Amino acid sequence: MSIKVLLVDSSDVMRSAIRQLLKNELGIELIGTATSFAETLVLTAALKPDVLLMDPHMPDEREYPPALVKSQILLHTKCIVAISLWNDDDAKALARSFGARVLLDKMNLYSDLLPAIKQFCPSVSIAETADSFRKDSRRPARPSIEERLDAA
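Quick caveat, the model's predicted, so the values are computed rather than measured.

Draft legend 1. Seen up close, the nonpolar core. One finds Ile18, Val51, Leu53, Val81, Leu104 and Ile117 to be the most contacted residues of the largest nonpolar core, which totals 21 residues. Within the residue set of this core, elements represented by two or more residues are strand 1 (3-8), helix 1 (12-23), strand 3 (51-54), strand 4 (79-84), strand 5 (102-105) and helix 5 (109-120). By residue number, the principal contributor to this core is helix 5, which donates five residues. Residues in contact with Ile18, not counting those within four places in the same chain, are Leu7, Leu53, Ile83 and Leu109. Membership of the second largest hydrophobic core comes to 18 residues, among which are Ile73, Ile80, Ala91 and Phe98.

Pasting the structure below:
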């Protein structure tokens, strides 16, 4: 069973990059994307994601205060992981006000996203079988040029 992720980010480029990052990840299924808090509320209720991966800065943020968004999305998701280009104390406080368990730097998502889900969202952690399958399915190391020449 895979972890269902709903991605919330107003940037087309960032959504595309994160989609590519998650595309081949065993145990993770990107079930939808939203570009605003209005869409987030609708999609969270409809799709019931395990993890909401969300930038707390949206174009309609003035219309949707954090307390309102938090009260609605926590009805339908198990874990919120915030992502942002800003990681100062104000950004961390904003992420917490939405109910996020952690704020990740968008520039480090490649290395930080899956470990953060495992650490901060234990109720939806990636199945061990997916991890072991990924390890077992790697191609064996190719012999060095010296080994190939010696064998010839």
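Draft legend 2. How the structure looks around the side chain of Lys106. Within the secondary structure layout, Lys106 lies in the loop between strand 5 and helix 5. Its relative accessible area of 10% is what places Lys106 among the buried residues. Once residues within four sequence positions are removed from consideration, Lys106 is found in contact with Asp9, Met14, Asp55, Ile83, Ser84 and Leu85.

Draft legend 3. Representation of the pattern of salt bridges in the model. Under the definition given, this model contains four salt bridges. In this structure, Asp9 engages Lys106 in a salt bridge whose closest nitrogen and oxygen atoms are separated by 2.6 Å. Taken together, the residues Asp9 in the loop between strand 1 and helix 1 and Lys106 in the loop between strand 5 and helix 5 connect sequence positions 97 residues apart. Under the relative-accessibility criterion, Asp9 is labelled buried at 1%. What emerges from the salt-bridge pattern is a single network uniting Asp9, Asp55 and Lys106.

Draft legend 4. Focus on the packing of aromatic side chains. A complete count under the given rule lists one aromatic pair for this structure. Geometrically, the ring pair formed by Phe37 and Phe98 is stacked, given 5.1 Å between the ring centres and 25° between the ring planes. Taken together, the residues span a long stretch of sequence, with Phe37 in helix 2 (residues 37-47) and Phe98 in the loop between helix 4 (89-97) and strand 5 at a distance of 61 residues. The exposure classification of Phe37 matches that of Phe98, with both residues buried.

Draft legend 5. Fine view of the state of the cysteines. Tallying each qualifying case throughout the model produces one disulfide. For Cys79, the disulfide goes to Cys121, at an S-S distance of 1.8 Å. With the S-S dihedral at roughly -55°, the linkage between Cys79 and Cys121 falls on the left-handed side. With Cys79 in strand 4 and Cys121 in the loop between helix 5 and helix 6 (128-136), this residue pair connects regions lying 42 residues apart in the sequence. Each member of the pair, Cys79 as well as Cys121, carries the same accessibility label: buried.

Draft legend 6. Seen up close, the sheet that holds strand 3. Strand order in the open sheet formed by five strands is 2-1-3-4-5, with parallel pairing between adjacent strands. Of all the strands in the sheet, the pair left with one neighbour each is strand 2 (28-34) and strand 5. On average, each strand axis in the sheet is tilted by 25° relative to the strand beside it, whichever way the strands run. In terms of strand pairing, strand 1 meets strand 3 through four bridges, oriented parallel. Each residue of the ladder has a partner; that of Leu6, found in strand 3, is Leu52. Contacts between helix 5 and the sheet are confined to strand 1, strand 2, strand 3, strand 4 and strand 5, with strand 5 contributing the most and set at about 165° to the helix.

Draft legend 7. Highlighting the environment of Tyr110. Position of Tyr110 relative to the elements: it lies in helix 5. Using a relative accessible area of 76% as the deciding quantity, one classes Tyr110 as exposed. As for Tyr110 and Leu21, which are separated by 89 residues in sequence, their C-alpha atoms are 6.8 Å apart.

Cut-off values and rules
Residues numbered from 1 in each chain as written. Predicted model: local features only at pLDDT ≥ 70, side-chain atom pairs only at ≥ 80, totals over all residues. Heavy atoms only, no water. Core = buried A, V, L, I, M, F, W, Y, C linked by side-chain atoms within 4.5 Å. Buried < 20%, exposed > 50% of the residue type's maximum accessible area, 1.4 Å probe, protein only. Helix = DSSP H or I, 4+ residues; strand = E, 2+ residues; numbered from the N terminus. Contact = heavy atoms within 4.5 Å. Salt bridge = Lys/Arg side-chain N within 4 Å of Asp/Glu carboxyl O. Phe/Tyr/Trp six-rings, centres within 6.5 Å; stacked < 30°, edge-to-face > 60°. Disulfide = S-S within 2.5 Å. Pairing = 2+ DSSP bridges. Axes fitted to C-alpha atoms, helices over the stretch in contact; angles between N-to-C directions.

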